[in-house]
Amino acid sequence: MRTRINLHDQALRDSLAGRVAAARMLLCEIARDFSPAAFASSLGAEDMVLTDLIVRDRLDIEIFSLDTGRLPLETYELIAAVKRHYGLALRLYYPRHDLVEAYTHANGINAFYESVELRKGCCFVRKVEPLQRALAGRKAWITGLRAAQSATRDGLPVRSFDAANGDGGLEKFNPLAAWSEDEVWAYIMLNEVPYNALHDSFYPSIGCAPCTRPITPGEDVRAGRWWWENPESKECGLHVRRA
């Protein structure tokens, strides 16, 4: 959800400048020391900030996205806007048709509404397995996660080791972990970064169309994702955190 930002707020501009400098430095280090590295873009607001930073500095970091086959029209329109704005054709990874067919045959097309287990099964087929293929052979992957986004992301580190992906594991970086919602949107507005039109219709977090709804004022920014579940279960399996 696009928030109302006072771009003349000097404190905000100063904090943003520090955040941007730190993120640019980290991204340069990743490109230099962890090649081949990739940025997994969900095409959310945070991911568009990182896309802009990577493209501006011409970093050797591949940007890819997962096309689950059930994305909103506005997300596909943003993919086209990214190509127009940056001259960048995102690399898209798709679910394996045999896994989708097996899941829907056994459970139904919208079985994810019936239980957390079935929902995570759908997420595995449409998101987790394609991500595993996308990260094969990589030394690092980058995400747009922020600690303030939800209860499942509290205490999110900037860097961690991901043993579940890559060839025996790889480094995972969250350059925007400490960014605030206002800092994200101030960057987008100041730099004229394209973003998903659904953000203007009370969708702060956007995933697959049947699993995303708008939120109301005062709700958590991820309240519209899998809204029928408890907050503690609201992850798809892409970002597994272990104690």
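Draft legend 1. Region of the structure containing the packing of aromatic side chains. If you walk through the whole model with that rule in mind, you get eight aromatic pairs. Measuring from centroid to centroid gives 5.4 Å for Phe64 and Tyr93, while their planes differ by 80 degrees, and the two rings are edge-to-face. Separated by 29 residues along the polypeptide, Phe64 in strand β2 (residues 61-66) and Tyr93 in strand β3 (residues 91-93) bring together distant segments of the chain. The class of Phe64 is buried, set by a relative accessible area of 0%. On the basis of relative accessibility, which here comes to 9%, the residue Tyr93 falls in the buried class. One aromatic cluster is present, formed by Phe112, Tyr113, Trp227 and Trp228 through successive ring pairs. Stacked on the ring of Trp226, the Lys or Arg Arg119 has its end atom at 4.2 Å from the ring centre.

Draft legend 2. Highlighting the pairing of strand β1 (residues 37-40). Because side chains alternate across β1, one face comprises the buried residues Ala37 and Phe39, and the other comprises Ala38 and Ala40, equally buried. Direction of pairing for β1 relative to β2: parallel, over a ladder of four bridges. Note that in β2 the partner of Ala38 across the bridge is Glu62. Tracing the backbone out of β1, into helix α2 (residues 45-56) and back to the parallel element β2 gives a crossover that is right-handed. Relative to strand β4 (residues 140-142), β1 runs parallel, the two sharing three bridges. When the sheet's bridge partners are listed, Phe39 is paired in β4 with Ile142.

Rules used throughout
Residues numbered from 1 in each chain as written. Predicted model: local features only at pLDDT ≥ 70, side-chain atom pairs only at ≥ 80, totals over all residues. Heavy atoms only, no water. Phe/Tyr/Trp six-rings, centres within 6.5 Å; stacked < 30°, edge-to-face > 60°. Helix = DSSP H or I, 4+ residues; strand = E, 2+ residues; numbered from the N terminus. Buried < 20%, exposed > 50% of the residue type's maximum accessible area, 1.4 Å probe, protein only. Lys NZ or Arg CZ within 6 Å of the ring centre and 35° of its normal. Pairing = 2+ DSSP bridges. Right-handed = clockwise from strand over helix to strand, strands pointing away.

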